[in-house]
Amino acid sequence: MDKLRDNNSCYSMLTAMVQLHNVSYETPNRHLFHDVSFSINPGDRIGLVGLNGAGKTTLLSIVNGDIEQTSGSIFSFGETISIVPQDMSAWLDRTVYDFLEEATGVKQVREQLEERCRNLAIDSSEKSLLLYAEALEKYNKFETPSFDMNIERTLAQAGLAGINGDYKIGDLSGGQRTRIALAAVFAAKYDVILLDEPTNNLDQSSVAMLEEFIKSSPASFLIVSHDRRFLRNTTTQIIELTYGDKGIRQYSLGYDEYVEARKREKESIVHTYEQYEREKGVCGELLATRGSALIQLAAIDMLLTEIASRIIFVKNALLRILRVYQWQLVAALIDLKSLKDRKRMSLLPPNLASIKGKDRRCFQCVILLSRMMAYIQLAHSHVIFARVIKFC
């Protein structure tokens, strides 16, 4: 797992057994959950709740390492973590001993120690010694040497004293199978135990035994369950997993206190909505009046648009006329008879007093058209300004 850099306090970093930081998971068709962050500390008994399909089982699988998160980080501080199986359908052709050995992690620990011993026989380096010491520590932690005796004790604790470890699970009744799954929980030596709907198919006495075990166990628990009474009796805090990008809601409360807190939150939301509806009613007439005004302003805007288009038409026509007169004036003022005069020609406007007859009238027309263009440009600017401010 990737090491995360949490922004929580140093105390949280030092005490947490497992930390999730902005964990998200999505499929090609669905964004299941987003930015889930929380810690599992020693002694925590956390209830993971949420609507069906919110991704609770998927999140358990991510914490257990069975599924890779889409984004985010999970940091485990060396603690052992596992989901204890509750569904026995995949074990029908296996023995009770096989199931308990694998479900409790004992088989994996035993095989790991045997492998380290073989490696140490051919490589006595410091690294091999450290790996062997780590495997040996876990071997003792899981009480592997006394596992056979532990099986008898846990089966009796689960009400299956007459069941032999060589029995095939497929030969047992449905009730016996659920109690064998319960025995696996009792025999597990993990630091963090993940349970997914553990009370399914359990009778009332079995549920009571599981509740007592969880409350007295030194392990930490992350539990997915729809059984409110079970959560009420076992959990010390609740994490509510929400859809999409809302992450989680975390409550450092028991289940009853969580239900009460959620009730207050919902009442607050309803109160806010009702207040909004009242304010919307008060503003209704104002909104209707403004709606009528907007319709009128839209009509004014259409009129101003038409005026602007007509002004632009007149402006373009005057420009064409002005260009014609300008060229006539240039032709009148410049002598084009000889190349020598053409080289000396100047397009600078002459003194009006020196212009006579037809040329003078032409120049006066140009000045008049230029002034008309200025007035038309000013009118066009006013229309544009009117269109800009009409909604202010």
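As a reminder, the structure under discussion sits directly above these lines.
Residues numbered from 1 in each chain as written. Predicted model: local features only at pLDDT ≥ 70, side-chain atom pairs only at ≥ 80, totals over all residues. Heavy atoms only, no water.

> What is the right way to read the packing of helix α3 (residues 96-103) against helix α7 (residues 174-187) from this model?
Helix-helix packing is described using two parameters, namely the angle between the two axes and the distance between the axes. The geometry of α3 relative to α7 is characterised by a closest axis approach of 9 Å and an angle of 40° between their N-to-C directions. As α3 packs across α7, the resulting crossing turns out to be right-handed. Judged by residue contacts, Val96, Phe99, Leu100 and Ala103 of α3 engage Ile180, Ala181, Ala183 and Ala184 from α7. For the contact of α3 with α7, the class distribution of residues is 8 nonpolar, no polar and no charged. (Axes fitted to C-alpha atoms, helices over the stretch in contact; angles between N-to-C directions. Helix = DSSP H or I, 4+ residues; strand = E, 2+ residues; numbered from the N terminus. Left-handed = near helix turned anticlockwise from the far one by under 90°. Contact = heavy atoms within 4.5 Å. Nonpolar A, V, L, I, M, F, W, Y, C, P; charged D, E, K, R; others polar.)

> Can you walk me through the packing of α3 against helix α4 (residues 106-122) in this structure?
Across the interface, α3 lies against α4 with an axial gap of 5 Å and an inter-helix angle of 70°. As summarised for this structure, α3 and α4 are arranged roughly perpendicular, according to the angle between their axes. Counting all contacts with α3, which are made through Tyr97, Glu101 and Glu102, the residues of α4 involved are Val106, Lys107 and Arg110. Classifying every residue of the contact of α3 with α4 by side-chain character gives 2 nonpolar, no polar and 4 charged. (Parallel < 35°, antiparallel > 145°, perpendicular 65-115°, else oblique.)

> Help me understand the sheet that holds strand β3 (residues 45-49) in this model?
Hydrogen bonds between backbone atoms are what pair the strands of a sheet, whose relative direction is either parallel or antiparallel. Judged by pairing direction, the sheet is mixed, and its 6 strands sit side by side in the order β5-β6-β7-β3-β8-β9 without closing on themselves. Two strands bound the open sheet, and with one partner strand each, they are β5 (81-83) and β9 (248-251). Along the sheet, successive strands turn relative to each other by an average axial angle of 15°, direction set aside. In this sheet, β9 lies alongside strand β8 (residues 237-241) in antiparallel orientation, the contact comprising 4 bridges. Following the sheet pairing, glutamate 240 is matched in β9 by arginine 249. Strand contacts of helix α8 (residues 204-216): β3, β6 (192-196) and β7 (220-224), with the helix running at about 140° to β7, the strand carrying the most contacts. (Pairing = 2+ DSSP bridges.)

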